[in-house]
Amino acid sequence: LHFLLCGHFLWIFLMNVCVHDEQLSPATRLEPHDGVISSLAFARRPDRCLLATGGADHRINVYSVNTKNTSASRIWKTSLDICHRGVVSSLIWGRGSSANFLFSGSWDQDIRVWELDGKKFKDAPVHVLQGMQSSLCELYISSACCSN
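These lines cover the structure that appears in this document, whether it is placed above or below. (Residues numbered from 1 in each chain as written. Predicted model: local features only at pLDDT ≥ 70, side-chain atom pairs only at ≥ 80, totals over all residues. Heavy atoms only, no water.)

**Here's the deal with the environment of S98**
Piece 1. Along the chain, S98 falls in the loop between β10 (88–93) and β11 (101–106).
Piece 2. Counting along the chain gives 17 residues from S98 to E115, while the straight-line C-alpha distance between them is 9.1 Å. (Helix = DSSP H or I, 4+ residues; strand = E, 2+ residues; numbered from the N terminus.)

Rendered as structure tokens:
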């Protein structure tokens, strides 16, 4: 799969079906946020592929992506009462034993940890790390701490 992010829109392409008559031919177009899409995280799971998007609207969306036809269906969206208070600037899926967790960083200086419980997300973050000294730009999970 290929992803093309352009402001408010996200296109999902099959690997070999991207160009037709010198124009991009997206297989699926998403407009997941009320504003600019500011972060993406993709995870391949045994039963499906997951795509998380973060936006300038302070929200997170998670999609289940079918890699055979590039269709995507939203399976979760943060509600206004539990979302970040700033732009969601970074998303990363956990690895190994933390693979069911999505970590989000924001300009509100918080890191939130969201848990995928079976096929759906819990209604609220399972943990919020506060007190960062500045806005968060990127999150990283070291492979040294994770085992499969």
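**Overview of the side chain of S104**
Piece 1. If you trace the backbone, S104 turns up in strand β11.
Piece 2. Residue S104 is classed as buried on the basis of its relative accessible area, which comes to 0%.
Piece 3. A distance of 2.7 Å separates a polar atom in the side chain of S104 from a polar atom in the side chain of H84.
Piece 4. Of note is the side chain of S104, whose polar atom sits 3.0 Å from the side chain of W114.
Piece 5. With residues near it in sequence (within four places) discarded, S104 still touches I60, H84, V88, S90, L91, D110, I111, R112, W114 and L139. (Buried < 20%, exposed > 50% of the residue type's maximum accessible area, 1.4 Å probe, protein only. Polar contact = N/O pair within 3.5 Å; in protein donor to acceptor, adjacent residues only side chain to side chain. Contact = heavy atoms within 4.5 Å.)

**A short note on the pattern of salt bridges**
Piece 1. According to the stated counting rule, one finds 2 salt bridges in the structure shown.
Piece 2. Where R85 meets D110, a salt bridge forms, and the shortest distance between an N and an O atom there is 3.1 Å. Taken together, the positions of R85 in the loop between β9 (72–77) and β10 and D110 in the loop between β11 and β12 (111–117) put the pair 25 residues apart, joining distant regions of the chain.
Piece 3. Here R85 falls in the exposed class, since its relative accessible area comes to 51%.
Piece 4. Residue D110 pairs with R112 through a salt bridge whose shortest N-O separation is 3.6 Å. In this structure, D110 and R112 share a single accessibility class: buried.
Piece 5. Put simply, R85, D110 and R112 are held in one network by salt bridges that share partners. (Salt bridge = Lys/Arg side-chain N within 4 Å of Asp/Glu carboxyl O.)

**Observations concerning the nonpolar core**
Piece 1. Membership of the largest hydrophobic core comes to 15 residues, with the highest contact counts inside it found for I60, V62, W93, L102 and F121.
Piece 2. Contributions of two or more residues to this core are made by β6 (37–44), β7 (49–55), β8 (60–65), β10 and β12.
Piece 3. Per-element tally for this core: the top contributor is β10, with 3 residues.
Piece 4. Sequence-distant contacts of V62, defined by excluding residues within four places in its chain, comprise L50, L51, A52, S73, R74, I75, W76, W93, L102 and F121. (Core = buried A, V, L, I, M, F, W, Y, C linked by side-chain atoms within 4.5 Å.)

**Structural notes on the sheet that holds β6**
Piece 1. In space, the 4 strands of this open sheet follow the order β6-β7-β8-β9, with antiparallel pairing throughout. The outermost strands of the open sheet, each flanked by one partner alone, are β6 and β9. Neighbouring strand axes in the sheet, compared pairwise and without regard to direction, differ in orientation by 25 degrees on average.
Piece 2. Where β6 lies against β7, 7 bridges are found, and the strand directions are antiparallel. Note on β7: the bridge partner recorded for A43 is L50. (Pairing = 2+ DSSP bridges. Axes fitted to C-alpha atoms, helices over the stretch in contact; angles between N-to-C directions.)

**Considerations on the environment of V87**
Piece 1. When you line up the elements, V87 lands in the loop between β9 and β10.
Piece 2. Residues V87 and G54 lie 33 residues apart in sequence; the distance between their C-alpha atoms is 7.7 Å.
Piece 3. Not counting residues up to four positions away in its chain, the partners in contact with V87 are S38, G55, A56, H58, G105, S106 and W107.

The analysis is restricted to geometry; functional conclusions fall outside its scope.
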